[in-house]
Amino acid sequence: MPGIDKLPIEETLEDSPQTRSLLGVFEEDATAISNYMNQLYQAMHRIYDAQNELSAATHLTSKLLKEYEKQRFPLGGDDEVMSSTLQQFSKVIDELSSCHAVLSTQLADAMMFPITQFKERDLKEILTLKEVFQIASNDHDAAINRYSRLSKKRENDKVKYEVTEDVYTSRKKQHQTMMHYFCALNTLQYKKKIALLEPLLGYMQAQISFFKMGSENLNDQLEEFLTNIGTSVQNVRREMDSDVETMQQTIEDLEVASDPLYVPDPDPTKFPVNRNLTRKAGYLNARNKTGLVSSTWDRQFYFTQGGNLMSQARGDVAGGLAMDIDNCSVMAVDCEDRRYCFQITSFDGKKSSILQAESKKDHEEWICTINNISKQIYLSENPEETAARVNQSALEAVTPSPSFQQRHESLRPAGQSRPLTARTSSSGSIGSESTNLAALSLDSLVAPDTPIQFDIISPVCEDQPGQAKASGQGGRRTNPFGESGGGTKSETEDSILHQLFIVRFLGSMEVKSDDNPDVVYETMRQILAARAIHNIFRMTESHLLVSCDCLKLIDPQTQVTRLMFPLPSVVLYATHQENKRLFGFVLRTSGGRSESNLSSVCYIFESNNEGEKICDSVGLAKQIALHAELDLEEQSRLIAASSRPNQASSEGQFVVLSSSQSEESDLGEEGKKRESEA
């Protein structure tokens, strides 16, 4: 190491300008050393702080890895392989954390302590001596100046002594201070080299010690473990890349395929309606009444679950029951000038809901799906196949077949055969039944090119054959329970039998035969097929009043009689063989499409209850009409015998009478008069 420049201490007393100039060089060097060492101190302190932060972060990482198995992740939280792997990593990182803690301690002792001592002790000593030297030098200059101004003519021993003593003291102080200051500056040249090398030496020794501890911990077993983990990571990365590529391809394919679906109402020719669904889900707008005439529409997600229609708002965990759609009715409706609306009415008619679909396709599919669920097709083993078979049968119904018998055999389940004659509970024909159905042709039952009427035309608007319009009851409000506000009572109000049923009109058409129940079956099939083909879902709901004189269709809102069928003109009635909610009857009227004076029209309805109950009620009414000449006591006995629960009449019919209606009829004034006359 080259020699170190020094300040001449022996020349401090002389205090020559050369000495002062050399002192200035040493002071400038000390200032440069101070600035540099401050920067180096800050850099090393950052290393020390970073090492402390690394040690704390490593310890925290090890702690979090240990707690991984306690976490409950919604996805993949029970991965035992991942848990064991992270536990192994936690042990290794915990050991590394200990090594980092040791390294932090060594850096504090071997690196930060020497440079801190040099900065806080040696450099501050130089600054202090420099200030003291400046003060002493100024005091000496002031004393010399006063001594030089002593008077030559007027000497004062006391003043001279004081000035001389002041010069002596200040010069001594300056000399001593200057010697210590020069010594400190000379020593600083050695200390700066020590202050530079010693912290660096401590830093390197601490790092070497840290790496030695790391090499001892990273044994061969750990290297094998890390190699296996690296292989697993590469496998996961390859799997991820493959999955990402697949998803990207799927996204591209879906973007191309879904482009037409972005239109809210897609082209039905490109996306045909699926009428065989028994499950469906999607967003619908639900109408909610907020006042007497005001309403709001809320968009919710609806889906079918068995025989239930469920709704779920966005953000809800699960859906809630919106409506039970078993045996319900559904129809397209017009509501608030909105498109694609349909109404669902529950089995008992007490609850209804109006929903709006987004497109025509969704509108028809929702209606078809709810219709299929209402028929409980979803309970079969293959619901889609069953629904397709039912719809196919409806399509085939409009295609002429060689014989009527073959068409009905295609609808009958395998392994079952229907008897050629219907039992009385399903048929009330007063004519003789044919026993040779194979010989009957389609033209002998239904007139060719017969139009189908799908809606009820009120007698107020159009005169219907067989309607008793002349009686003056076509547009009058009718009380279904026979109560009258006036003093005059009609023949219907005097009837002993009143039964009310909720029905929906499906359609009617003229038939050529009225002496066989298969006419009703064929008409049902024709009307249902025509509704399916032409997408006619609207049905008019009415109240069917069965009395001993006639059958009436009454508007449930206004109580106005829509249609009235005289009971003697009802010559045939029957229920569907499979769907017991469907029933129909044949009305024999005067005039019609045929050349003869009499024509027959078959009316088809859907009821909330079983159609057999309605047919039984009609049968009971016809029996009472046949026994009209009997006295009132005999009629009451007949009704009481027919209304016993689960008890069959002489002809096997089951009749349900309303007790309140029977009591009102029995206690009426007309009933008492007849009893007294008898």
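Anything mentioned here points back to the structure above.
Values in this document were obtained by computation on a predicted structure and should not be read as measured data. (Residues numbered from 1 in each chain as written. Predicted model: local features only at pLDDT ≥ 70, side-chain atom pairs only at ≥ 80, totals over all residues. Heavy atoms only, no water.)

1. Section: a nonpolar patch on the surface
Okay, step 1: A contiguous nonpolar patch, built from Met240, Val244 and Met247 and spanning about 260 Å² of accessible area, is present on the exposed surface.
Okay, step 2: Among the structural elements, Val244 can be located in helix 4 (residues 220-258).
Okay, step 3: The class for Val244 is partly exposed, based on a relative accessible area of 35%. (Patch = residues over 30% accessible without salt bridge, like charges linked within 9 Å, V, L, I, M, F, W, Y side chains within 5 Å. Areas by Shrake-Rupley, 256 points an atom, 1.4 Å probe, with all protein chains shown as cover. Salt bridge = Lys/Arg side-chain N within 4 Å of Asp/Glu carboxyl O. Helix = DSSP H or I, 4+ residues; strand = E, 2+ residues; numbered from the N terminus. Buried < 20%, exposed > 50% of the residue type's maximum accessible area, 1.4 Å probe, protein only.)

2. Some remarks on the nonpolar core
Okay, step 1: In this structure, Leu23, Met37, Phe118, Leu185 and Leu188 are the most contacted members of the largest nonpolar core, which totals 29 residues.
Okay, step 2: The set of elements that each furnish at least two residues to this core consists of helix 1 (17-66), helix 2 (80-148) and helix 3 (157-217).
Okay, step 3: Sorting elements by how many residues they give to this core places helix 2 first, with eleven residues. (Core = buried A, V, L, I, M, F, W, Y, C linked by side-chain atoms within 4.5 Å.)

3. Side note on the pattern of salt bridges
Okay, step 1: Applying the stated criterion across every chain, the model contains 21 salt bridges.
Okay, step 2: The partner of Glu120 in a salt bridge is Lys124, with the nearest N and O atoms 3.1 Å apart. Residue Glu120 and its partner Lys124 are both found in helix 2; the two are separated by four residues, about one turn of the helix.
Okay, step 3: For Glu120, a relative accessible area of 35% corresponds to the partly exposed category.
Okay, step 4: The salt bridge involving Arg588 is made with Asp514; its shortest N-O contact spans 2.8 Å.

4. Let's talk about the packing of helix 1 against helix 2
Okay, step 1: At a closest axis distance of 7 Å, the pairing of helix 1 and helix 2 adopts a crossing angle of 160°. Relative to helix 2, the element helix 1 lies roughly antiparallel. Considering only the axes of helix 1 and helix 2, their crossing is left-handed.
Okay, step 2: Residue classes in the contact of helix 1 with helix 2 are distributed as 26 nonpolar, 17 polar and six charged. (Axes fitted to C-alpha atoms, helices over the stretch in contact; angles between N-to-C directions. Parallel < 35°, antiparallel > 145°, perpendicular 65-115°, else oblique. Left-handed = near helix turned anticlockwise from the far one by under 90°. Nonpolar A, V, L, I, M, F, W, Y, C, P; charged D, E, K, R; others polar.)

5. What about the packing of aromatic side chains?
Okay, step 1: All chains considered together, the criterion is met by 13 aromatic pairs.
Okay, step 2: Ring plane angle 50° and centroid distance 6.4 Å describe the contact between Phe505 and Tyr603, whose orientation is recorded as tilted. With a gap of 98 residues between them, Phe505 in strand 8 (residues 498-511) and Tyr603 in strand 14 (residues 598-607) connect regions that are remote in the sequence. The residues Phe505 and Tyr603 share a single accessibility class, namely buried.
Okay, step 3: Ring-pair connections join several aromatic residues into one group, and the members of that group are Phe505, Phe565, Phe583, Phe585, Tyr603 and Phe605. (Phe/Tyr/Trp six-rings, centres within 6.5 Å; stacked < 30°, edge-to-face > 60°.)

6. Examining the sheet that holds strand 2 (residues 295-305)
Okay, step 1: Spatially, the seven strands line up as an open sheet ordered 4-3-2-1-7-6-5, and their pairing is antiparallel. Each edge of the sheet is formed by a strand with only one pairing partner; in this case those strands are strand 4 (320-324) and strand 5 (329-335). In this sheet, adjacent strand axes meet at a mean angle of 40° when their direction is disregarded.
Okay, step 2: The strands touched by helix 5 (residues 360-374) within the sheet are strand 1 (281-289), strand 2, strand 3 (308-312), strand 5 and strand 6 (338-345), with strand 6 carrying the most contacts at an inclination of about 10°. (Pairing = 2+ DSSP bridges. Contact = heavy atoms within 4.5 Å.)

7. Remarks on the sheet that holds strand 11 (residues 561-566)
Okay, step 1: With antiparallel pairing, seven strands are arranged side by side in an open sheet as 11-10-9-8-14-13-12. With partners counted over all chains shown, the strands left at the sheet margins are strand 11 and strand 12 (570-575), one partner each. Strand-to-strand twist in this sheet, taken as the mean axis angle between neighbours without regard to direction, amounts to 35°.
Okay, step 2: Judged from the five bridges that link them, strand 10 (residues 550-554) and strand 11 form a sheet pairing that is antiparallel.

8. Thoughts on helix 5
Okay, step 1: With 15 residues, helix 5 should reach 21 Å at 1.5 Å per residue; the first-to-last C-alpha distance of 21 Å fits that figure.
Okay, step 2: Counting buried positions over the 15 residues of helix 5 gives eleven, a clear majority of the element. (Expected span 1.5 Å × (residues − 1).)

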